[in-house]
Amino acid sequence: MTTAPTVAWEERAGLVIVGGGVAGLTAARAAASLGVSPLVLAKGGPTDTATQYAQGGVAVLADDETSVDSHVADTLAAGGGLCDEPAVREILAAGPDAVARAVAAGVVFDRGPDGRLARTREGGHSRRRILHAGGDATGAELQRALLAGVGAGRTGIATSGSVRFGTTVLRVVTEAAGVTGILAHDSRGYGVIHAPAVILATGGLGQLYTSSTNPAGATGDGLALALDAGAAVADLEFVQFHPTVLYVPGAAGAGRRPLVSEAVRGEGARLIDGSGRGVTDGVHPLGDLAPRDVVSRAIHHRMAETGSDHVYLDARHLDGFAERFPTVTASCRAAGIDSRSDLIPVAPAAHYSCGGVVTDTFGRTQVPGLYAAGEVARTGLHGANRLASNSLLEGLVVGERAGTEAAGRAGIRVTVREAGLPHRPVVDRPTLQAAMTAHASVVRDAAGLTVVHRLLESGSVGPRTVHEIEDAALTVAATALVTAASARRESVGCHTRSDGAGPSPAPRRSETVPPSSMTVRLRDGRIEIVQPQLTGAL
Ligand code: SIN
């Protein structure tokens with residue numbers, strides 16, 4: 001059921017890109033290089049993206065590597081056997097070219113004294129293969145250079161070049177032959193853009209939780225738009241909790257939390273509890289540099305055991321910390337912490353959605369004209385747990401490909417015939433965040449997930465305002481996530497069931513959507529899992 005709002009403006013575009021982070025801006029650049037002028041729509045301002053806050057970097061071949069075999073092996077191991085191996089190999093192999101294009105676009109990566117690109121190490125990587133910029137400001141540098149590349153300014157909410165800020169997309173409109181455009185809202189009111197191709201590059205869903213590294217706009221919008229347009233989502237139960245997010249008492253629920261990059265551990269910092277005991281001792285051969293799911297679980301269990309809501313990073317012995325990690329240093333200073341003399345209090349927080357809209361490695365969904373790239377998409381690269389710094393790489397590689405593919409449709413003439421606001425349940429955001437944090441975080445069980453299901457069913461029908469559109473997207477994302485998390489009874493990757501049957505037995509991979517994926521669709525207004533062996537409406 002839909003309600004048609006009063007449309008105040010109408011436009012036409014060959015390609016609409018929703019989201020202005022690494023994937024969206026890379027797609028825009030690729031389309032523009034083919035002579036197609038894309039329209040990039042961003043909800044917030046130029047730097048209100050997850051890309052802006054990414055610290056660690058871009059994972060590509062180490063200096064001494066001549067093939068991606070070891071990077072592939074590390075990615076598959078982190079992914080808990082649920083990666084799509086051909087997609088992994090294809091995306092990682094495209095990494096060096098993507099980095100070369102980023103450098104050509106003006107991205108300045110850090111270099112060593114010998115002038116070669118500097119590389120660090122992060123969790124789950126067997127080699128130092130992470131490129132970085134500005135020490136720990138890699139995402140900010142990508143955002144700066146890519147924005148400049150599409151002619152957009154960095155300050156204010158304004159229309160600049162092909163990027164339009166302060167615009168919320170409410171619906172991707174489709175007909176039998178595919179996408180015909182979007183319904184959006186900006187300072188002029190509701191409007192329609194007729195367009196034959198739409199790329200969703202909306203980022204993640206961290207705002208489902210009280211504590212997240214994601215910006216305020218990470219409200220699962222692309223998932224809701226894709227489901228509404230008839231595309232499938234998968235692997236949403238795999239929400240990656242970053243192990244080391246700066247802990248500040250009383251700050252939960254207060255928006256984005258500052259990250260303490262995994263590269264800090266890569267350079268030798270140690271994770272300890274309040275009595276100085278190592279947190280990951282005996283847990284994994286890679287210790288503090290084990291894959292993130294392992295480290296976050298170890299911290300979760302240690303916090304439960306000690307009755308504390310945080311542990312510590314000891315970086316006091318690291319030389320040149322402030323120069324190597326200026327962003328982390330600034331966050332610590334703002335919280336009154338001096339990393340030279342103080343332990344840094346940290347706790348896990350929601351960081352990355354490993355699942356998303358089902359696409360191939362060119363960003364194509366099952367809906368003609370609808371593409372997805374970056375965190376919102378599920379290409380099969382991450383499986384059950386993303387390997388550190390594979391995401392900016394994926395944004396560069398698949399963003400480029402999606403922009404190129406979508407540009408091929410730009411000449412198709414389409415018309416939006418009817419664009420109504422969807423009627424969806426809306427659960428009040430603080431209530432939803434509290435329930436998701438309590439019952440669908442690092443460790444889950446059936447009883448807790450049922451509590452969230454009940455809450456989701458109690459949502460009032462809306463949405464009526466633009467803010468409620470965001471809450472409705474969060475509600476849809478939570479419903480899809482909790483549905484998949486309930487159906488997956490075993491623990492694997494980021495999804496830990498305290499009541500489950502233990503880790504998955506054998507790796508299962510290799511189709512575009514592996515049989516093990518929880519493929520979720522919206523049918524008759526209800527979320528359901530459509531894998532034959534898992535069919536069951538919520
Ligand atoms: C980090 O710097 O620890 C985050 C990098 C990532 O999420 O890949």
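All figures in this text were calculated on a predicted structure; none of them were measured in a lab. (Residues numbered from 1 in each chain as written. Predicted model: local features only at pLDDT ≥ 70, side-chain atom pairs only at ≥ 80, totals over all residues. Heavy atoms only, no water.)

Chemist: Teacher, can you tell me more about the overall build of the protein here?
Modeler: Counting its regular elements, the protein contains 15 helices and 29 strands. For 538 residues, the compact-globule estimate of 2.2 N^0.38 gives 24 Å, and the C-alpha radius of gyration of the protein, at 22 Å, lies within 12% of that figure. Dimensions along the principal axes, computed over C-alpha positions, put the protein at roughly 65 × 55 × 45 Å. Of all 538 residues assigned to the protein, the portion counted as buried reaches 62%. In the form shown here, the protein has an accessible surface area of approximately 18,900 Å², with 53% of it arising from carbon and sulfur atoms. Positive and negative side-chain charges in the protein, numbering 49 and 53 respectively, have mean positions lying 2 Å apart. (Helix = DSSP H or I, 4+ residues; strand = E, 2+ residues; numbered from the N terminus. Rg over C-alpha atoms; globule rule 2.2 N^0.38 Å. Buried < 20%, exposed > 50% of the residue type's maximum accessible area, 1.4 Å probe, protein only. Areas by Shrake-Rupley, 256 points an atom, 1.4 Å probe, with all protein chains shown as cover. Lys, Arg positive; Asp, Glu negative; His and termini not counted. Charge placed at Lys NZ, Arg CZ, Asp CG, Glu CD.)

Chemist: I would appreciate a short explanation of the sheet that holds strand S6 (residues 119-120) in the present structure.
Modeler: The three strands are arranged S5-S7-S6 in an open sheet whose pairing can be described as antiparallel. At either margin of the open sheet sits one strand with a lone partner, and together these are strand S5 (58-59) and S6. (Pairing = 2+ DSSP bridges.)

Chemist: What exactly am I supposed to notice about the pattern of salt bridges here?
Modeler: Pairing is possible between side chains of opposite charge, provided their charged atoms come close. One pass over the full model with this rule turns up 38 salt bridges. Between Arg129 and Asp74 there is a salt bridge whose closest N-O contact spans 2.8 Å. With Arg129 in the loop between S6 and strand S7 (130-131) and Asp74 in helix H3 (residues 69-78), this pair connects stretches of sequence that are 55 residues apart. The buried category is assigned to Arg129, whose relative accessible area is 0%. When its relative accessible area of 11% is taken as the criterion, Asp74 is described as buried. (Salt bridge = Lys/Arg side-chain N within 4 Å of Asp/Glu carboxyl O.)

Chemist: Looking at this model, I keep getting lost on the site of the ligand. Mind explaining?
Modeler: Inspection of the region around the ligand gives Gln55, Gly56, Glu122, His242, Leu259, Ser261, Glu262, Arg292, His351, Arg386, Ala388 and Ser389 as its neighbouring residues. In the model, an oxygen atom of the ligand is placed 2.7 Å from a nitrogen or oxygen of the Ser261 side chain. Between an oxygen atom of the ligand and a main-chain N or O atom of Glu262, the distance comes to 2.7 Å. Contact with the protein chains removes 95% of the 260 Å² of surface that the ligand exposes when unbound. Looking at the shell around the ligand residue by residue, the classes come out as two nonpolar, six polar and four charged. (Near = heavy atom within 4 Å. Polar contact = N/O pair within 3.5 Å; in protein donor to acceptor, adjacent residues only side chain to side chain. Nonpolar A, V, L, I, M, F, W, Y, C, P; charged D, E, K, R; others polar.)

Chemist: What should I look at first to understand the side chain of Glu375 in this one?
Modeler: Within the fold, Glu375 resides in the loop between strand S20 (370-372) and strand S21 (377-378). No salt bridge is formed by the buried Glu375, whose closest oppositely charged neighbour, Arg386, lies at an N-O distance of 7.1 Å. A polar contact is formed between the side chain of Glu375 and the backbone nitrogen of Ser353, at a distance of 2.8 Å. Apart from the residues within four sequence positions on either side, Glu375 is in contact with Gly203, Gly204, Leu205, Asn214, His351, Tyr352, Ser353 and Gly355. (Contact = heavy atoms within 4.5 Å.)

Chemist: Looking at this structure, I do not really get the state of the cysteines. What am I missing?
Modeler: One way to say it: the disulfide is the covalent bond shared by the sulfur atoms of two cysteines. By the definition in use, this model includes zero disulfides. Of the cysteine sulfurs around Cys354, a residue in no disulfide, the closest is that of Cys494, at 4.0 Å. (Disulfide = S-S within 2.5 Å.)

Chemist: Sorry if this is basic, but what is going on with the environment of Val367 here?
Modeler: One can find Val367 in the loop between strand S19 (356-358) and S20. Judged by its relative accessible area of 8%, Val367 is buried. Along the sequence, Val367 and Thr174 sit 193 residues apart, while their C-alpha atoms lie 8.5 Å from each other. Dropping the residues within four chain positions of it, Val367 is found in contact with Thr174, Val179, Ala229, Gly230 and Ala231.

Chemist: What is the right way to read unusual backbone geometry from this model?
Modeler: Glycine aside, the phi torsion of most residues is negative, and most peptide linkages are trans. The backbone of Asp235 sits at a positive phi, close to 65 degrees, despite the residue not being glycine. Along the polypeptide, Asp235 turns up in the loop between strand S14 (233-234) and strand S15 (239-246). Under the relative-accessibility criterion, Asp235 is labelled buried at 2%.

Chemist: What is the right way to read the packing of helix H13 (residues 429-439) against helix H14 (residues 446-457) from this model?
Modeler: Between two packed helices, both the angle of their axes relative to each other and the distance between the axes serve to describe the pair. Following both chains from N to C, one finds H13 and H14 inclined at 165 degrees, their axes separated by 9 Å at the closest point. Relative to H14, H13 is oriented roughly antiparallel. Here H13 runs over H14; the crossing is left-handed. Facing H13, whose interface residues are Thr431, Leu432, Ala435, Met436 and His439, H14 presents Gly448, Leu449, Val451, Val452, Leu455 and Leu456. (Axes fitted to C-alpha atoms, helices over the stretch in contact; angles between N-to-C directions. Parallel < 35°, antiparallel > 145°, perpendicular 65-115°, else oblique. Left-handed = near helix turned anticlockwise from the far one by under 90°.)

Chemist: It is not clear to me how the sheet that holds strand S16 (residues 270-272) should be interpreted in this structure. Could you clarify?
Modeler: For sheets, the rule is that strands pair by backbone hydrogen bonds, running either parallel or antiparallel. Across the sheet, four strands lie side by side as S15-S18-S17-S16; this open sheet has antiparallel pairing. Edge strands, defined here as strands with exactly one partner in the open sheet, are S15 and S16. Looking at each pair of strands side by side, their axes are set apart by 45 degrees on average, direction ignored. Pairing between strand S17 (residues 311-314) and strand S18 (residues 344-353): three bridges, direction antiparallel. The residue of S18 that forms the bridge with Tyr312 is Pro345. Here helix H9 (residues 292-306) sits on the sheet in contact with S15, S16, S17 and S18, set at roughly 60 degrees to S15.

Chemist: Help me understand the pairing of strand S28 (residues 526-529) in this model?
Modeler: Every regular strand shows the same layout, with side chains that alternate between the two sheet faces. Relative to S28, strand S27 (residues 520-523) is paired through four bridges, and the arrangement is antiparallel. Pairing of Leu522 across the sheet is with Ile527, part of S28. Here S27 hands over to S28 after two residues, with Asp524 in that stretch at a positive phi of 50 degrees.

Chemist: Would you take a moment to explain the packing of aromatic side chains for this structure?
Modeler: Describing an aromatic ring pair means giving the distance of the ring centres and the angle of the ring planes. One pass over the structure, following the stated rule, counts two aromatic pairs. Taking 5.2 Å as the distance between ring centres and 80 degrees as the angle between the ring planes, the aromatic pair formed by Tyr209 and Phe241 counts as edge-to-face. One end of the pair, Tyr209, is in the loop between strand S13 (198-200) and helix H7 (221-229); the other, Phe241, is in strand S15, and 32 residues separate them in sequence. Each member of the pair, Tyr209 as well as Phe241, carries the same accessibility label: buried. Between Phe321 and Phe325, the ring centres sit 5.1 Å apart and the planes meet at 45 degrees, which makes this aromatic pair tilted. Exposure remark for Phe325: the relative accessible area of 2% places this residue in the buried category. Here the guanidinium or amino end of Arg188 rests over the ring plane of Trp9, the centre of that ring lying 4.0 Å away. Cation over ring: Arg401 sits above Phe362, and NZ or CZ is 4.3 Å from the ring centre. (Phe/Tyr/Trp six-rings, centres within 6.5 Å; stacked < 30°, edge-to-face > 60°. Lys NZ or Arg CZ within 6 Å of the ring centre and 35° of its normal.)

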